Amino acid sequence: MAENKHPSFRLSFSARASSPSCSTLASYLLNLMTIKQTNLCLSADVNSTSELLKIAEELGDTICVLKTHADIISDFTERSATQLREIASRKHFLIFEDRKFADIGSTVQKQYISGPLSIAKWAEIVTVHLFSGPGILTALEGAASSAISQYNMTVHTEISGGFTEGQQMEFEPEPEPEPEPEIEPLHDEIRTKPDWLRQGRKPSIVSISTTISTRSEPMSPQTSGQMFQSNRNQKGYLKEALDRLGPIPYFRSALVLAQMSSKGNFFTKEYTENCVKSARNHQDFVLGFISQRSLNSEPDDNFLTFTPGVKLIEPDSNERGDSLDQQYRNPAQVIGNDGADVIIVGRGILQASDQLEAAERYRKAAWDAYEVRIMK
Ligand code: S5P
């Protein structure tokens, strides 16, 4: 019953983006979703870089987030990440590496920022299990802060221009590897949210091909929510609104796995509640949850709910899962009834004969369910 739902159930994404409790990245994502009218995250569970880049290129306009499992891509290198980042900035979606960190703090810091994957360099979002206790969030947040500081102190040349339709993809030569960032403890002055944002202002990012040092500039509150109310029918709206939103800010966030979609999983109510309590202590870093329903319960909670185990299922179909205990529900059910914000879809799109048509169907189903929900 909508009457008993948390306020975030009925608030628009753009209104939630303006909330003071919203981190820079969450605010950016919510505004991006509003502009592109998509709350679809594609789970790009493919085995090669070429498949990954092809699907990102072809479906990038329909999604707000692209989720990877880099460790199943047989030829994944730093260059794959650079190429994916180029598509993400041109097609406007965030990258989410579904790493499911679960070890002690010292180990996850290394897994996050170094090794062959060096995830912190290219993925805005990662997933984390809290089996090892809430300290894992402190560790990852510290490593994220170090990666951000390192980035801000380095001169970056971004690929500009992009590809024109039909142009063969040619990629930049492998860049010189950057030195591994030193992992610093989380000091108050090194936070993922800068002072100007704490004062209630949202970022404007100046887009130039070469940027030095701090890239987020304080500025007018122009980029607040209502500016991004959908008005897609207006000619040129999409490009203009995306230009105004600016490039993806260099921040890092985590999604806490608080519930899973698989049958017979061992997640208990108490464990899920502890995940939420821990997340509240890391609001700048925790974007939200991987869960089957919204877990916002305190008045100020503004976590985003990403829900996997989603498929467009015909009422009389028996496709409610796979042979390995995955369970599926419809977008309307998870968004409309259970307050999910973003649906995560893999095989429902990847196995379709026309992936673009399928992605558009999922995008529309999820967006329609969201619009109905906020009008309740
Ligand atoms: O509880 C979960 C959590 C995750 S992140 N259930 C899931 O299925 N996932 C991920 O979502 C899973 O690792 C896979 O990448 C995706 C679902 O894929 P699909 O093909 O079943 O849609």
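Residues numbered from 1 in each chain as written. Predicted model: local features only at pLDDT ≥ 70, side-chain atom pairs only at ≥ 80, totals over all residues. Heavy atoms only, no water.

### Some details on the overall build of the chain
Here's step 1: Scanning the chain from terminus to terminus reveals 13 helices and 12 strands.
Here's step 2: When burial is assessed residue by residue, the chain has 53% of its 376 residues classed as buried.
Here's step 3: Of the roughly 17300 Å² that the chain leaves accessible, carbon and sulfur atoms contribute 51%. (Helix = DSSP H or I, 4+ residues; strand = E, 2+ residues; numbered from the N terminus. Buried < 20%, exposed > 50% of the residue type's maximum accessible area, 1.4 Å probe, protein only. Areas by Shrake-Rupley, 256 points an atom, 1.4 Å probe, with all protein chains shown as cover.)

### As for the packing of aromatic side chains
Here's step 1: With the rule as written, the count across this model stands at 11 aromatic pairs.
Here's step 2: Here the aromatic rings of Phe-101 and Tyr-112 are separated by 5.5 Å at their centres, their planes lie at 70°, and the arrangement is edge-to-face. Remark: Tyr-112 occurs in helix α5 (residues 105-113) and Phe-101 occurs in strand β3 (residues 94-101); sequence separation between them is 11 residues.
Here's step 3: A residue is classified by how much of its surface remains accessible, and Tyr-112, at 0% relative accessible area, is buried.
Here's step 4: Ring pairs connect the aromatic residues Phe-13, Trp-367 and Tyr-370, which therefore count as one cluster.
Here's step 5: The ring of Phe-96 is capped by Lys-67, whose NZ or CZ atom sits 6.0 Å from the centre of that ring. (Phe/Tyr/Trp six-rings, centres within 6.5 Å; stacked < 30°, edge-to-face > 60°. Lys NZ or Arg CZ within 6 Å of the ring centre and 35° of its normal.)

### Focus on helix α9 (residues 237-245)
Here's step 1: Every buried residue of α9 is listed here: Tyr-237, Ala-241, Leu-242 and Leu-245. Across the axial projection of α9, the buried residues extend over an arc of 115°, all falling on one side.
Here's step 2: Here the buried face of α9 lies against α2 (24-36).
Here's step 3: Remark: Gly-246 follows α9 within two positions and exhibits a positive phi of approximately 85°. (Arc of directions from axis to C-beta. Contact = heavy atoms within 4.5 Å.)

### So, the environment of Asn-265
Here's step 1: Summarising the element assignment, Asn-265 is placed in the loop between β9 (253-257) and α10 (269-280).
Here's step 2: Residue classification places Asn-265 among the partly exposed positions, given a relative accessible area of 27%.
Here's step 3: Placed 60 residues apart in sequence, Asn-265 and Asp-325 show a C-alpha to C-alpha distance of 9.4 Å.
Here's step 4: Polar side-chain contacts of Asn-265 include one of 3.1 Å to the backbone nitrogen of Phe-267. (Polar contact = N/O pair within 3.5 Å; in protein donor to acceptor, adjacent residues only side chain to side chain.)

### Digging into the site of the ligand
Here's step 1: Residues in close proximity to the ligand total 17 residues, the closest being Asp-45, Lys-67, Ser-261, Tyr-328 and Arg-347.
Here's step 2: At a separation of 3.0 Å, an oxygen atom of the ligand approaches a polar side-chain atom of His-69.
Here's step 3: With respect to the ligand, the side chain of Gln-326 contributes an N or O atom lying 2.8 Å from an oxygen atom.
Here's step 4: With the chains in place, 90% of the 490 Å² that the ligand exposes on its own is no longer accessible.
Here's step 5: Contributions of two or more residues to the shell around the ligand are made by β3 and β12 (342-345). (Near = heavy atom within 4 Å.)

### Here's the deal with the sheet that holds β9
Here's step 1: The sheet built from 8 strands closes into a barrel, its strands ordered β1-β2-β3-β4-β9-β10-β11-β12 with parallel pairing. Neighbour-to-neighbour, the strand axes of this sheet turn through a mean angle of 25°, independent of strand direction.
Here's step 2: Pairing between strand β2 (residues 65-68) and β3: 4 bridges, direction parallel. Opposite Thr-68, over in β3, you have Glu-97 as the bridge partner.
Here's step 3: Across the sheet, helix α7 (residues 135-152) is in contact with β3, β4 (125-128), β9 and β10 (286-290); its angle to β4 comes to roughly 160°. (Pairing = 2+ DSSP bridges. Axes fitted to C-alpha atoms, helices over the stretch in contact; angles between N-to-C directions.)

### Describing the packing of α2 against α9
Here's step 1: α9 packs onto α2 with a crossing angle of 170° between their chain directions and a minimal axis gap of 10 Å. Between α2 and α9, the interaxial angle falls into the category roughly antiparallel. Every residue of α9 that contacts α2 at Tyr-28, Asn-31, Leu-32, Ile-35 and Lys-36 is listed here: Tyr-237, Leu-238, Ala-241, Leu-242 and Leu-245. (Parallel < 35°, antiparallel > 145°, perpendicular 65-115°, else oblique.)

### Description of the nonpolar core
Here's step 1: Counting 99 residues, the largest nonpolar core has Tyr-112 and Phe-306 as its most contacted members.
Here's step 2: Here this core takes 9 residues from α7, the largest share from any one element. (Core = buried A, V, L, I, M, F, W, Y, C linked by side-chain atoms within 4.5 Å.)

### Some details on the confidence of the model for the chain
Any segment with low pLDDT has predicted coordinates that should not be analysed in fine detail.
Here's step 1: Looking at the chain as a whole, its pLDDT mean stands at 85, while 78% of the residues score no less than 70.
Here's step 2: Scored below 50 in pLDDT, residues 159-173 shows 20 contacts in the model against residues more than four places distant or in partner chains.
Here's step 3: Per-residue pLDDT stays below 50 along residues 184-226; that stretch engages in 89 contacts with residues further than four places along the chain or on separate chains. (pLDDT = per-residue confidence, 0-100.)

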